[in-house]
Amino acid sequence: MALARLCAGSLLARPFFRHGEAPGLLSVAFKQTVAEQLGLPEPPKRPLTPHVRYIKEQLEENMKRFPTLSSQEVFIKTLDIWKSLSTLEKSKWTTEYGREKEIYDVNYKAYMEKLSPSQVENIKKLKKKRSEDKTKRQVRRDKKKESELLGKPKYPGNAFLLYVSSLDRGEASAKEFVTAAATNWHKLPEQTQKVYRDKAKKLLEEYQQQLLQWENKMVKQGRIDLVRVNQLGGELKDTLRGRKQKN
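Residues numbered from 1 in each chain as written. Predicted model: local features only at pLDDT ≥ 70, side-chain atom pairs only at ≥ 80, totals over all residues. Heavy atoms only, no water.

## So, the confidence of the model for the protein chain
Low-confidence regions, as indicated by low pLDDT, have predicted coordinates that should not be scrutinised in detail.
Thinking step 1. Per-residue confidence for the protein chain gives a mean pLDDT of 84; residues scoring 70 or more make up 81%.
Thinking step 2. The spread of mean pLDDT over the elements of the protein chain runs between helix α1 (residues 2-8), the lowest at 40, and helix α5 (residues 87-113), the highest at 96. (pLDDT = per-residue confidence, 0-100. Helix = DSSP H or I, 4+ residues; strand = E, 2+ residues; numbered from the N terminus.)

## A short note on the pattern of salt bridges
Thinking step 1. All told, the structure shown has ten salt bridges when counted by the stated rule.
Thinking step 2. In this structure, the salt-bridge partner of Asp225 is Lys143, at a minimum N-O distance of 3.9 Å. A residue pair is termed long-range when its members are at least 10 positions apart, and Asp225 in the loop between α9 (190-220) and α10 (234-246) and Lys143 in helix α6 (residues 117-149) qualify at 82 residues.
Thinking step 3. Its salt-bridge partner being Arg228, residue Glu215 comes within 2.8 Å of it at the nearest N-O pair. With Glu215 in helix α9 and Arg228 in the loop between α9 and α10, this pair connects stretches of sequence that are 13 residues apart.
Thinking step 4. Here Arg228 falls in the partly exposed class, since its relative accessible area comes to 36%.
Thinking step 5. One network of salt bridges, in which partners are shared, links Lys143, Glu146, Arg223 and Asp225. (Salt bridge = Lys/Arg side-chain N within 4 Å of Asp/Glu carboxyl O. Buried < 20%, exposed > 50% of the residue type's maximum accessible area, 1.4 Å probe, protein only.)

## Quick notes on the packing of helix α3 (residues 50-65) against helix α4 (residues 71-84)
Packed helix pairs are characterised by how far apart their axes lie and by the angle those axes make with each other.
Thinking step 1. Their axes nearest at 9 Å, the elements α3 and α4 cross at an angle of 125 degrees. By the angle between their directions, the pair α3 and α4 is classed as oblique. Between α3 and α4 lies a crossing of right-handed hand. Across from Pro50, His51, Tyr54, Ile55, Gln58, Leu59, Asn62, Met63 and Arg65 in α3, the residues of α4 making contact are Ser71, Val74, Phe75, Thr78, Leu79, Ile81 and Trp82.
Thinking step 2. When its residues are assigned to classes, the contact of α3 with α4 shows ten nonpolar, five polar and one charged. (Axes fitted to C-alpha atoms, helices over the stretch in contact; angles between N-to-C directions. Parallel < 35°, antiparallel > 145°, perpendicular 65-115°, else oblique. Left-handed = near helix turned anticlockwise from the far one by under 90°. Contact = heavy atoms within 4.5 Å. Nonpolar A, V, L, I, M, F, W, Y, C, P; charged D, E, K, R; others polar.)

## Concerning the environment of Arg130
Thinking step 1. By the element assignment, Arg130 lies in helix α6.
Thinking step 2. Measuring from C-alpha to C-alpha, the distance between Arg130 and Val34 comes to 9.2 Å, with 96 residues separating the pair along the chain.
Thinking step 3. Here Arg130 is in contact with Lys31, Gln32, Thr33, Val34 and Gln37, once residues within four sequence places are set aside.
Thinking step 4. Here the side chain of Arg130 touches Gln32 through a polar contact of 2.8 Å, landing on its backbone oxygen. (Polar contact = N/O pair within 3.5 Å; in protein donor to acceptor, adjacent residues only side chain to side chain.)

Here is the structure:
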């Protein structure tokens, strides 16, 4: 939990992505494919779309061209360059994609024909579930962002995070920094840790009061969808639960 919140925070305003990494192209590590989850052979690999292929080819060069930009900023700039290209300039990548897509379509059709009707149905069901789960995650992210824009108080962090915020990351990677911080935290004298715990406790109490005030404000504005269910009265609680069940 602490590590998750730490990664979501600023970490002394230093980015987690370093040059050589492409946030928009990174696959989700260790996530099972549909075929893996169902115990089926992997289908033919879909070719990269023209703009993704272009970004993949140009990203490293643009890292060198714009050394002062972060990885994410270089990625966005590369995408903007792609958008500014003329149809003729894009033809190299669109033509290559079209050729590979034709081959892919033939191979994918042959792959699907080898599967049984039940296997095909299982693939459809799992893809549908994944799509629904993705939509739910996006809804949660949108609500979180909206809540922040509406002034929702930010969780202050626990004692360890307060300790981490007092450190200088230097040139260490995120993993190295967090590992070293955790090791050093456990070596701190109990009295020193207590200082951070007491501060975290005080900040948490203030946060809970601020959160309650904010939630009361949201209820008055009719935004009960942004409020914790246990903070609502009986009728409002039932209404919110009903909405969540529908979603």
